[in-house]
Amino acid sequence: MTPLQIGLLGVLGLLGVGCYGLLVTRNLIKVVIILQILVKSAVLALVLAGEAAGQAGLGQSLAATVIVADTMVAVVGLALAVQVRRRCGSVDLSAISTLRG
Amino acid sequence: MNTPMAEAAIYLILAAAAVICAFRAMTEARILSSTIYLACVSAAVAMMLYLLGAYQVAVIELSVGAGLVTVLLVYAISVVGDDASDPGPVIPRPVAVGLTLLTAVMLGYMAYSLPTKPLTGRVAPLVQALWKQRVLDVWVQMVLIFSGVLGILGLLAEGKLSHAKIGRHEDNGHKTVRYVPPTACGLDPDAARAEVRGKEKETVHA
């Protein structure tokens, strides 16, 4: 197996763990952690795709942009979790939802 | 062991370490442990990026992913508490496993059909790609960082009105009445915390 194929396997593994975690987790902070895992797989996939397509610089620049955006998502998500915990006493996503159906 | 085999073995070890740490981060009972495992995932991914030749991205990933985000998570845990009570998934676990496998298989099928040989032609380095071809991305990053800082200031700041109401105490005979404003989830924070503690006790007794 080539390094690109092994890296792709790692991407798929991280993506699988992230998707499963998002489906089964309701703790807000854990959701932020799992989103981080998903975005790490996306960063790795972008760099691998750039290498495979012969446009390494483009893939790397997009990966840097994704890292910045992901950090902002984590920061805002954690601030939201702190506020939700202060106001509702819980970080359970189903407990704080006002939608009932 | 020849060089390509050793290189493949290193990639395999790093990929396996990243996936195992990610799984442990998801299943760990304590959020602080999950945070440590997330930092390990970030370190493994950064090493893979370095081996792939993406040196700048590896440094950014290591400093931001394993450094800044870990510090932010530890701060949030210190404020919120290391309470990882996760009351079961909304959808059944077998369905979640099936959906995840389906997604991974479909993406893997599409990704392995992509060309794996580098195309011939001039390859733009990162500096040229970032500052000339993708200059809009740089501006978007600046806007994102600025809006993120503003968002944090807005979210972590206590509202002036609600703060004044929380701090106001009225003497009603012998008792001191404390006004608690309604919350977005419709719960009194103290009552909500008491309810959470009650549920935890019920779980322990069960």
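Reading guide: rules and limits
Residues numbered from 1 in each chain as written. Chains lettered and ligands numbered in written order. Predicted model: local features only at pLDDT ≥ 70, side-chain atom pairs only at ≥ 80, totals over all residues. Helix = DSSP H or I, 4+ residues; strand = E, 2+ residues; numbered from the N terminus. Contact = placed C-beta atoms within 7 Å. pLDDT = per-residue confidence, 0-100. Expected span 1.5 Å × (residues − 1). Buried ≥ 20, exposed ≤ 12 C-beta atoms within 10 Å, placed from the backbone. Nonpolar A, V, L, I, M, F, W, Y, C, P; charged D, E, K, R; others polar. Core = buried A, V, L, I, M, F, W, Y, C linked by C-beta atoms within 7 Å. Axes fitted to C-alpha atoms, helices over the stretch in contact; angles between N-to-C directions. Parallel < 35°, antiparallel > 145°, perpendicular 65-115°, else oblique.

Asks: Run through the overall build of chain B, naming residues and quoting values.
Replies: Counting its regular elements, chain B contains eight helices and two strands. Beginning at the N terminus, the succession of helices and strands in chain B can be written as α-α-α-α-α-α-α-β-β-α. Taking contacts inside chain B between residues at least 6 apart in sequence as the whole, the part at least 24 apart equals 39%.

Asks: Outline the confidence of the model for chain A, listing residues and values.
Replies: Residues at a pLDDT of 70 or more form 95% of chain A, whose mean pLDDT is 86. Across chain A, the secondary-structure element scoring lowest on mean pLDDT is helix α4 (residues 93–96) of chain A, at 73, and the one scoring highest is helix α2 (residues 28–53) of chain A, at 91.

Asks: Could you give an account of helix α4 (residues 93–112) of chain B, with specific residues and numbers?
Replies: Because each turn of an α-helix spans 3.6 residues, side chains separated by three or four positions end up pointing in the same direction. Across its 20 residues, α4(B) extends 28 Å between first and last C-alpha, which sits within 8% of the 28 Å expected from 1.5 Å per residue. Within α4(B), only one of the 20 residues are buried, leaving the element largely exposed.

Asks: Explain the interface of chain A and chain B residue by residue, including any values.
Replies: Counting residues at the interface gives 71 residues for chain A, matched by 86 residues for chain B. Those elements that provide at least two residues to the side of chain A that touches chain B are α1 (3–24), α2, α3 (56–88) and α4 of chain A. Among the elements that make up the side of chain A that touches chain B, the one with the highest residue count is α3(A) (26 residues). For the side of chain A that touches chain B, the class distribution of residues is 42 nonpolar, 21 polar and eight charged.

Asks: Account for the nonpolar core, naming residues and giving values.
Replies: Within the largest apolar cluster, 71 residues are counted, with the highest numbers of intra-cluster contacts made by A:Val47, B:Ala18, B:Ala22, B:Val41 and B:Leu49. Of all elements in the fold, only α1, α2 and α3 of chain A together with α1 (3–27), α2 (31–51), α3 (55–80) and α5 (126–133) of chain B reach the threshold of two or more residues within this core. Counting residues per element, this core draws most heavily on α2(A), at 15 residues.

Asks: Tell me what's going on with the packing of α1(A) against α1(B), and back it up with residues and numbers.
Replies: At a minimum axis separation of 9 Å, α1(A) and α1(B) run at an interaxial angle of 5°. With respect to α1(B), the element α1(A) is oriented roughly parallel. Where α1(A) abuts α1(B), its residues A:Pro3, A:Ile6, A:Gly7, A:Leu9, A:Gly10, A:Gly13, A:Leu14, A:Val17 and A:Gly21 lie against B:Glu7, B:Ala8, B:Tyr11, B:Leu12, B:Ala15, B:Ala18, B:Val19, B:Ala22, B:Phe23 and B:Met26. Partitioning the contact of α1(A) with α1(B) into residue classes produces 14 nonpolar, four polar and one charged.

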